[in-house]
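Listed below are the residues making up each chain.
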Amino acid sequence: MNCWRVTNVLAPFLDDELPDAESSAVASHLEDCPACRQQVEAVAALPPIEAPRLAADVEQSLFGEFDRCLKDRIAASISLMEPAIDVDAPPTAVRRSGPLAALLPSSEVRLRPSWVVAYLGVVLMLAAGVALNHAQVQELEQSVARRDSLIDALQHQVQTQRGFAVGLDSSLTLGQPLLSSAAPGAAPASLQLGGTTGVLPFRRGAFEGPRVVH
Amino acid sequence: MGHPTLKLVPETSPKNLTEADIKAAARNDRDRAFDLVVRKFRDRIYYHALYITKDSEEAFDVAQDTFVRAYHESRLFDEGFRIKAWLFRVCTNRCYNIVRDKHRRGGILDRLGKGNDALRQHHKAIDDVLAREQSEGMAAAMAQLSEDHRSILILRYYQDLSYQEIADTLGVKLGTVMSRLSRAKVRLAGVLEPEQNA
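Below is a summary of the structure that appears in this document.

### Describing the overall build of chain A
- Scanning chain A from terminus to terminus reveals six helices and one strand.
- Helices (α) and strands (β) of chain A occur, in sequence order from the N terminus, as α-α-α-α-β-α-α.
- Buried residues in chain A amount to 7% of all 214 residues.
- Pairs at least 24 residues apart make up 39% of the contacts formed inside chain A by residues separated by at least 6 positions.

### Quick notes on the overall build of chain B
- Helices and strands together make up the secondary structure of chain B, namely nine helices and one strand.
- Tracing chain B from N to C terminus, the helices and strands come up as β-α-α-α-α-α-α-α-α-α.
- By the burial criterion, 36% of the 198 residues in chain B qualify as buried.
- Counting only contacts in chain B whose residues sit at least 6 apart along the sequence, the fraction spanning at least 24 positions is 67%.

### With respect to the environment of glutamine 64 of chain B
- The residue glutamine 64 of chain B is located in helix 3 (residues 56-71) in this model.
- Expressed as a C-alpha distance, the spacing of glutamine 64 of chain B and arginine 42 of chain B, which sit 22 residues apart in the sequence, is 8.8 Å.
- Beyond its immediate stretch of four places on either side in the chain, glutamine 64 of chain B contacts Cys69, Leu70 and Arg73 of chain A.

### As for the nonpolar core
Residues and elements named next belong to chain B.
- In this structure, Tyr46, Ala49, Ala63 and Cys91 are the most contacted members of the largest nonpolar core, which totals 59 residues.
- Ranked by residues supplied to this core, first place goes to helix 2 (residues 30-53) with 10 residues.
- Every residue in contact with alanine 63, bar those within four places of it in the chain, is listed here: Ile45, Tyr46, Ala49 and Cys91.

### Describing helix 4 (residues 34-44) of chain A
Residues and elements named next belong to chain A.
- Within helix 4 the residues assigned to the buried category are Cys36, Gln39, Val40 and Val43. On an axial view of helix 4, the arc spanned by its buried residues comes to 95°, and they lie on one face. Turned more than 90 degrees from where helix 4 packs its buried face, Pro34, Gln38 and Glu41 sit exposed.

### With respect to the packing of helix 2 of chain B against helix 3 of chain B
Residues and elements named next belong to chain B.
- It is the contact of helix 2 with helix 3, at a shortest axis distance of 8 Å, that shows an interaxial angle of 145°. Along this stretch, helix 2 crosses helix 3, giving a crossing that reads as right-handed. In contact with Phe34, Val37, Val38, Ile45, Tyr46, Ala49, Leu50 and Thr53 of helix 2, helix 3 contributes Ser56, Glu58, Ala59, Phe60, Val62, Ala63, Thr66, Phe67, Ala70 and Tyr71.
- Tallied by class, the residues present in the contact of helix 2 with helix 3 amount to 14 nonpolar, three polar and one charged.

What counts, and at which threshold
- Residues numbered from 1 in each chain as written.
- Chains lettered and ligands numbered in written order.
- Predicted model: local features only at pLDDT ≥ 70, side-chain atom pairs only at ≥ 80, totals over all residues.
- Helix = DSSP H or I, 4+ residues; strand = E, 2+ residues; numbered from the N terminus.
- Buried ≥ 20, exposed ≤ 12 C-beta atoms within 10 Å, placed from the backbone.
- Contact = placed C-beta atoms within 7 Å.
- Core = buried A, V, L, I, M, F, W, Y, C linked by C-beta atoms within 7 Å.
- Arc of directions from axis to C-beta.
- Axes fitted to C-alpha atoms, helices over the stretch in contact; angles between N-to-C directions.
- Left-handed = near helix turned anticlockwise from the far one by under 90°.
- Nonpolar A, V, L, I, M, F, W, Y, C, P; charged D, E, K, R; others polar.

So this is what it looks like as structure tokens:
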């Protein structure tokens, strides 16, 4: 037990609200600590703290008024909490007025079969429109996909032909037979390129790709 | 209606009913049980508000609000619900809101459109007597304490709440009640000491 702790339990110590063990520890500390003892004595010497109260007749008058006011306020609070509209009541027609009153339909809400049919018709038309639009979009997407695959195939074919030409570039001369070992006067060996024979159908200067280094 | 006078009188609360008795009554008739709550706690709640606000009209209003809220509190008669601590907590919070608000407003709009004339005069007379009481002795010393210290002294000595009830009312731990009450009394002794030596 230290001085700080004693200061914090001083009131329950004097009110006998502390557990026995802690109360004994405080008492023991006070025997050895004059400063704490002086503080406890000062608090113990405080005059009684009593509440000022009204005289009985005044109390009676005041609290009589209190009860009346409270009753009114509770009644007012209950009325505020009650729903302003009776949701269980049957619907009532709203009277229309003015020159067009006779032309306007009654405001009484009724579920008419013709309105239901019209409503369902509109909903079906909207649904059909959405479905049609969806089908057209899908068809368009398929068409685009087919076109893309065709472009890819063509690009692949062009690249294949270009690679073949570059491979022959360093050893062939335009217009020469492909196989120099063939016998003089013999017909040149044929090389099938796109249905043509023998001679490379490309001009050398037409290739612009990177040169192949062996 | 005579002039009110403040004097120290013994606790006159009839109020031998326990909260358990009231809750038992609520099982048969909730309105009657609420009436018992009002009769048991009305005086103490009003006085509690009066000690904090130092304004009879405000205290009257706060006490009424507290009981209106209690009337609409669905848990009021539930098993384990602490009615007294709840009432004091609602009242205390409302009072300090009003006190702070009054500081902000400077008291200019305090009296607009409240109560009837006779009741207002009654409140004014109570305020005058209370102001005289507060200007000397223990009440004057308590007025110099902080809000926390004054509040806990009022709950303990004016309202005679137990330590546990104070903890429930203020929403703090029991140890906090002990230390705060101890320091409040040390501070109060410090305030009163120069007066006693003078």
